[in-house]
Number of protein chains: 2
Amino acid sequence: MRTVDPVRHSAKRRHIIDTAAGCFAVKGFERTTVAEICTAAGISTGSLFHYFPSKKAIFRAIFEQDGLDNARVLSSASGWAGVLSVIDHLVAPLADRAVAGLVVELVAQAGRDPSLAALVVQNELALRDGLATLLSSCDIDPSVPPVTAASWIQGLVDGLYSRTSLDPSFDPAEQVPVLKQIVTRFLRPTS
Amino acid sequence: MRTVDPVRHSAKRRHIIDTAAGCFAVKGFERTTVAEICTAAGISTGSLFHYFPSKKAIFRAIFEQDGLDNARVLSSASGWAGVLSVIDHLVAPLADRAVAGLVVELVAQAGRDPSLAALVVQNELALRDGLATLLSSCDIDPSVPPVTAASWIQGLVDGLYSRTSLDPSFDPAEQVPVLKQIVTRFLRPTS
DNA sequence: GTCTATAACTCGATAGAC
DNA sequence: GTCTATCGAGTTATAGAC
């Protein structure tokens, strides 16, 4: 008889990931202690290490989850409206301004951990190719190759994150429509 | 009577800055030793510390120099051609792909050094405002505020750096014309 | 906790420009 | 003669091994 409910297990895992992401975003990776994550998540350290072997593993899991989320959103998107919905999904985390700091932490840690860097590259390429496939089915300017278009959508999203973290007067929520306008004028100049 | 030649002095300073920037770009800040910088620059450690009080000061000076360069280019630019020339200047460092790693180092160090972070913010805002002033004198879409347009040009340049460091198949030199096309379609949709 | 290796930084001396 | 640029061995702090 198995007493473990796989649904509960992954829900709890997800809860720890989300809580830890919030901590890392605010305080950075090194400065966040495992004890803080446990307190914030309302669990014991023993319980946490039942789900993750190390603090690094939690950090890594955040971005594995991110890759899975992107894949899910991509698979349920279609047409030009789908492209815009993927953009919405990519920028949604910025509703909490601190996540711009989380990305900074990611890049910093990736510089010190090649396997984390490999995960980042893998996620980026998967997103690029998924977006490119989606764009192929849209009525976009035929002079722009879909992979180029996809890369630049990623680049614009990167720019939104970068501006948010570097310019205190830059309000990402207010700038999302501008981002979509730029994408639209680039890829569908006549519409 | 002054025996110091200010031209020679600043030329040597500049030489050290450029050499160190190359080292930092390749190996990162912590992993490059001042001995390596000295060897690369063809000077002794004693000489290096005659020009800079610390290794951190050299790193900081790279971005102070960058801010000065940007200000110089901005002041000699005018009209739409000036906007494009500023973009050329901003992306020029990517001719050496390793500099994408230098900005990663900058972000990582800024996270640990508030005074460096302050310098970064100051440079970003100065560039934004300089670009906005330049754009005000251009014939751009009046529905886009110049400060918004300037921020997004910075965002696109950030995106180019970010894609270059994250996607090995992304060739920045080849993508610069695309960047300009995006900016043009965004700000001058009719031309 | 102690030890060692490494790397940032110091200092006194020297050479040469004015 | 004075003042500056240069040198490089020496000092000290620290990070990692055991």
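Just so it is clear, the structure is predicted and the values come from calculations on it, not from any experiment.

(A) Representation of the protein's contact with DNA strand C within the structure. All names here are of chain B. Every residue near DNA strand C is listed here: Thr32, Thr33, Val34, Thr45, Phe49, Ser54 and Lys55. The share of sugar and phosphate among atoms of DNA strand C within 4 Å of the protein is 67%. Take Lys55: an N or O atom from its main chain is 2.7 Å from a phosphate oxygen of DNA strand C.

(B) Geometry of the interface of chain B and chain A. Between chain B and chain A, the contact holds 37 residues from the first and 36 residues from the second. Interface of chain B and chain A: buried area, both sides summed, is about 3,000 Å²; carbon and sulfur atoms make up 61% of it. Ranking the residues of chain B by area buried against chain A places Trp152, Arg163 and Arg185 of chain B at the top, with a combined share of 25%. Linking chain B with chain A are eight salt bridges, by the criterion used here. Among the ionic pairs, Asp158 of chain A bridges to Arg163 of chain B, the shortest N-O distance being 2.5 Å. On inspection of chain B and its partner chain A, the count reaches 18 residue pairs in polar contact (both at pLDDT 80 or more). For the side of chain B that touches chain A, the secondary structure elements donating two or more residues are α6 (99–110), α7 (114–136), α8 (146–166) and α9 (172–187) of chain B.

(C) Quick look at the packing of helix α1 (residues 6–27) of chain B against helix α2 (residues 34–41) of chain B. All names here are of chain B. Two elements in contact, α1 and α2, have axes whose closest approach is 9 Å; the angle formed by their N-to-C orientations is 125°. Classified by the interaxial angle, the pair formed by α1 and α2 is oblique. Considering the relative orientation of α1 and α2, their crossing is right-handed. Taking contact as the criterion, the partners of His15, Thr19, Ala20, Cys23, Phe24 and Lys27 in α1 are, on α2, Glu36, Ile37, Ala40 and Ala41. Broken down by class, the residue content of the contact of α1 with α2 amounts to six nonpolar, two polar and two charged.

(D) Representation of the nonpolar core in the model. Leu135, Trp152 and Leu187 of chain A together with Leu135, Trp152, Leu179 and Leu187 of chain B are the most contacted members of the largest nonpolar core, which totals 72 residues. When residues no more than four places from it in sequence are discounted, the contact partners of Trp152 of chain B are Leu156, Leu160, Phe170, Gln175, Val178, Leu179 and Ile182 of chain A together with Phe186 of chain B. Core analysis: the next-biggest nonpolar cluster, separate from the first, contains 27 residues, Ala21, Ile37, Phe52 and Leu116 of chain A among them.

(E) Representation of the relation of the copies chain B and chain A in the model. It takes a turn of 180° to lay chain B on chain A, together with a shift of 0.0 Å along the axis; the resulting RMSD is 0.2 Å. On this basis, the relationship between the two copies can be described by a two-fold rotation axis. Interface residue correspondence from chain B to chain A reaches 97%, placing this contact among same-surface, isologous pairings.

(F) Representation of the pattern of salt bridges. All names here are of chain A. By the definition in use, this model includes 23 salt bridges over all chains. Put simply, Asp69 and Arg14 hold a salt bridge, and the shortest N to O gap is 3.3 Å. Highlighted residues: Asp69 in helix α4 (residues 55–75) and Arg14 in helix α1 (residues 6–27), separated in sequence by 55 residues. Residue classification places Asp69 among the buried residues on the basis of a relative accessible area of 12%. When its relative accessible area of 32% is taken as the criterion, Arg14 is described as partly exposed.

(G) Layout of the protein's contact with DNA strand D. All names here are of chain B. Neighbouring DNA strand D are 11 residues; Lys12, Ser44, Gly46, His50 and Tyr51 lie closest to it. Taking the atoms of DNA strand D that fall within 4 Å of the protein, sugar and phosphate contribute 70% of them. Measuring from a phosphate oxygen of DNA strand D, one finds a side-chain N or O atom of Tyr51 at 2.5 Å. Every element with two or more residues in the surface near DNA strand D is listed here: α1 and α3 (45–51). Broken down by element, the residue count for the surface near DNA strand D peaks at five residues, all from α3. Within the surface near DNA strand D, the residues separate by chemical class into three nonpolar, seven polar and one charged.

Each value, and the rule that gives it
- Residues numbered from 1 in each chain as written.
- Chains lettered and ligands numbered in written order.
- Predicted model: local features only at pLDDT ≥ 70, side-chain atom pairs only at ≥ 80, totals over all residues.
- Heavy atoms only, no water.
- Near = heavy atom within 4 Å.
- Polar contact = N/O pair within 3.5 Å; in protein donor to acceptor, adjacent residues only side chain to side chain.
- Contact = heavy atoms within 4.5 Å.
- Buried area = accessible area lost by both parts, 1.4 Å probe.
- Salt bridge = Lys/Arg side-chain N within 4 Å of Asp/Glu carboxyl O.
- Helix = DSSP H or I, 4+ residues; strand = E, 2+ residues; numbered from the N terminus.
- Axes fitted to C-alpha atoms, helices over the stretch in contact; angles between N-to-C directions.
- Parallel < 35°, antiparallel > 145°, perpendicular 65-115°, else oblique.
- Left-handed = near helix turned anticlockwise from the far one by under 90°.
- Nonpolar A, V, L, I, M, F, W, Y, C, P; charged D, E, K, R; others polar.
- Core = buried A, V, L, I, M, F, W, Y, C linked by side-chain atoms within 4.5 Å.
- Buried < 20%, exposed > 50% of the residue type's maximum accessible area, 1.4 Å probe, protein only.
- Least-squares fit on C-alpha atoms with pLDDT ≥ 70 in both.

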